[in-house]
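Next come the chains, spelled out residue by residue.
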Amino acid sequence: MTTLPFLIIETGQPTPSLRKLGTFAHWIRVSAGLSREQALAYRVMDGDALPRRDGFAGAIVTGSGAMVTERLDWSERTAQWLNDAANAGFPLFGICYGHQLIAHALGGRVDFNPRGREMGTMAIERASNGKGPASEDPLFGAYPSSFKAHVTHLQSVIRLPEGATRLARSALDEHHAYRIGNAWGVQFHPEFSAGMMRGYIHAKRDALTTEGLDARAMHTAVRSTPHARGVLRGFVRHARRLREA
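Residues numbered from 1 in each chain as written. Predicted model: local features only at pLDDT ≥ 70, side-chain atom pairs only at ≥ 80, totals over all residues. Heavy atoms only, no water.

Enquirer: Could you clarify how one ought to interpret the overall build of the protein in this entry?
Expert: Along the protein, the regular secondary structure elements total eight helices and eleven strands. Here the protein has a C-alpha radius of gyration of 17 Å; the compact-globule value for 245 residues is 18 Å, and the two agree. Considering only C-alpha atoms, the protein reaches an extent of 50 × 45 × 30 Å along its principal axes. Taken across its 245 residues, the protein has 55% of its residues classed as buried. Restricting the contact set of the protein to residue pairs at least 6 apart, pairs at least 24 apart contribute 75%. Surface summary for the protein: the accessible area is close to 10700 Å², and the carbon and sulfur share equals 49%. Separation between the mean location of the 30 positive side-chain charges and that of the 22 negative ones in the protein comes to 6 Å. (Helix = DSSP H or I, 4+ residues; strand = E, 2+ residues; numbered from the N terminus. Rg over C-alpha atoms; globule rule 2.2 N^0.38 Å. Buried < 20%, exposed > 50% of the residue type's maximum accessible area, 1.4 Å probe, protein only. Contact = heavy atoms within 4.5 Å. Areas by Shrake-Rupley, 256 points an atom, 1.4 Å probe, with all protein chains shown as cover. Lys, Arg positive; Asp, Glu negative; His and termini not counted. Charge placed at Lys NZ, Arg CZ, Asp CG, Glu CD.)

Here it is, written out as structure tokens:
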């Protein structure tokens, strides 16, 4: 049986100082454990038209320096594709901007987080312990009640789409992960290494200082996040089971 590749929908590029490490699509492919042949990237922010879904196991939507609330033409076209895909049961996984864009596409609300910027290695809490939606989820079900993840964002999913299940939260964001059908969104970055997270903190140090945040302490607190990366790999396994059964 031929293994279907994954579609990586690129909605942005890494901060300039980290582009020497490759694109978001490259970071995600490596973190997901996919070979070059198992992932095809489409740069929608540069005008790439998205393909038909038939030949893919699922789609992963990257982060971006853009804001969903800007309603950019390429973003809104991508949102329509994501709406059609989600309603057809096609497996989707959104990261940061992608998380927000899927929620927007399905009728949720995205806006600036009223609690301000969230950045660094943060504690992510599953939405429920023991029995409940998060405990039964194919991606989060076997996870501890709290795990670490790398985070950098200003906007958040303020209201989930109708029918979505909240899977995780943080101290600053109530909707750090959700599921609706075969579509998942995570506000955190499972593709970031500790070095990448430190690089983002360094790149934003002036903005952090202006906002009264301690960039040095944030930098020191960075840790590895194997559970966050495991969520991405769990999606790959689950999507393959769904599409290749």
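The rest of the description comes next.
Enquirer: What am I meant to see in the side chain of Thr11 here?
Expert: Structurally, Thr11 can be placed in the loop between strand E1 (6-10) and helix H1 (24-31). Look at Thr11 and you get buried, because its relative accessible area is 1%. Contact partners of Thr11, with chain neighbours within four places excluded, come to Val44, Met45, Val61, Thr62, Gly63, Ser64, Trp74 and Tyr97.

Enquirer: Just to check I follow, could you spell out the packing of H1 against helix H8 (residues 226-244) for this structure?
Expert: Working note: a packed helix pair is described by the angle between its axes plus the distance between those axes. Two elements in contact, H1 and H8, have axes whose closest approach is 9 Å; the angle formed by their N-to-C orientations is 85 degrees. Of the possible angle classes, the one that applies to H1 and H8 is roughly perpendicular. Residue-level contacts link Ile28, Val30 and Ser31 of H1 to Arg229, Leu232 and Arg233 of H8. When its residues are assigned to classes, the contact of H1 with H8 shows three nonpolar, one polar and two charged. (Axes fitted to C-alpha atoms, helices over the stretch in contact; angles between N-to-C directions. Parallel < 35°, antiparallel > 145°, perpendicular 65-115°, else oblique. Nonpolar A, V, L, I, M, F, W, Y, C, P; charged D, E, K, R; others polar.)

Enquirer: Would you explain H8 in this entry?
Expert: An α-helical turn contains 3.6 residues, so a residue and the one three or four places further along point in the same direction. Here H8 is 19 residues long and its end C-alpha atoms lie 27 Å apart, about the 27 Å a rise of 1.5 Å per residue gives. Every buried residue of H8 is listed here: Ala228, Gly230, Val231, Leu232, Gly234, Phe235, Val236, His238, Ala239 and Glu244. (Expected span 1.5 Å × (residues − 1).)

Enquirer: For this particular structure, what's the right way to read the packing of helix H2 (residues 73-87) against helix H3 (residues 97-105)?
Expert: At a minimum axis distance of 8 Å, the contact between H2 and H3 shows a crossing angle of 65 degrees. What the angle tells us is that H2 and H3 run roughly perpendicular. The chirality of how H2 crosses H3 is right-handed. From H2, Trp74, Ser75, Glu76, Thr78, Ala79, Leu82 and Asn83 reach across to H3, where they touch Tyr97, Leu101, Ile102, His104 and Ala105. (Left-handed = near helix turned anticlockwise from the far one by under 90°.)

Enquirer: Whenever I open this one, the sheet that holds strand E6 (residues 118-126) confuses me. Can you help?
Expert: Either a parallel or an antiparallel arrangement is found when strands of a sheet pair, and the pairing is made through backbone hydrogen bonds. In space, the nine strands of this open sheet follow the order E2-E1-E3-E4-E11-E10-E9-E6-E7, with mixed pairing throughout. The sheet is open, and its two borders are formed by strand E2 (39-43) and strand E7 (146-153), each paired with just one other strand. For this sheet, the mean angle separating the axes of adjacent strands, direction not counted, is 25 degrees. Bridge analysis of E6 against strand E9 (residues 165-169) gives two bridges, and the strand direction is antiparallel. Residue Arg126 lies in a different strand from E9, and its bridge partner there is Ala168. (Pairing = 2+ DSSP bridges.)

Enquirer: Sorry if this is basic, but what is going on with the pattern of salt bridges here?
Expert: Side chains that differ in sign of charge can pair as their charged atoms come close. A complete count under the given rule lists ten salt bridges for this structure. Linking Asp46 and Arg43 is a salt bridge whose minimum nitrogen-to-oxygen distance equals 2.9 Å. Here Arg52 makes a salt bridge to Asp54, at a shortest N to O gap of 3.0 Å. Taken together, the salt bridges that share partners define one network made up of Arg115, Glu125, Arg166, Arg169 and Glu174. (Salt bridge = Lys/Arg side-chain N within 4 Å of Asp/Glu carboxyl O.)

Enquirer: Even after reading the chapter, I still don't get the nonpolar core, so can you show me in this structure?
Expert: One broad rule of soluble globular proteins: the nonpolar side chains tend to lie buried together. Residues Phe93, Phe140, Val186, Phe188, Val231 and Phe235 are the most contacted members of the largest nonpolar core, which totals 33 residues. Broken down by secondary-structure element, the contributors of at least two residues to this core are E1, H1, strand E4 (92-95), E6, E7, E9, strand E11 (183-186) and H8. Of the residues forming this core, the biggest block, six residues, is contributed by H8. Setting aside residues no more than four positions away along its own chain, Val231 makes contact with Phe93, Leu139, Phe140, Tyr143, Val186 and Phe188. Judged by nonpolar contacts, the second largest core, of 31 residues, contains Ile9, Ala66, Ala164 and Ala183. (Core = buried A, V, L, I, M, F, W, Y, C linked by side-chain atoms within 4.5 Å.)

The values reported here are purely geometric and, on their own, carry no functional implication.
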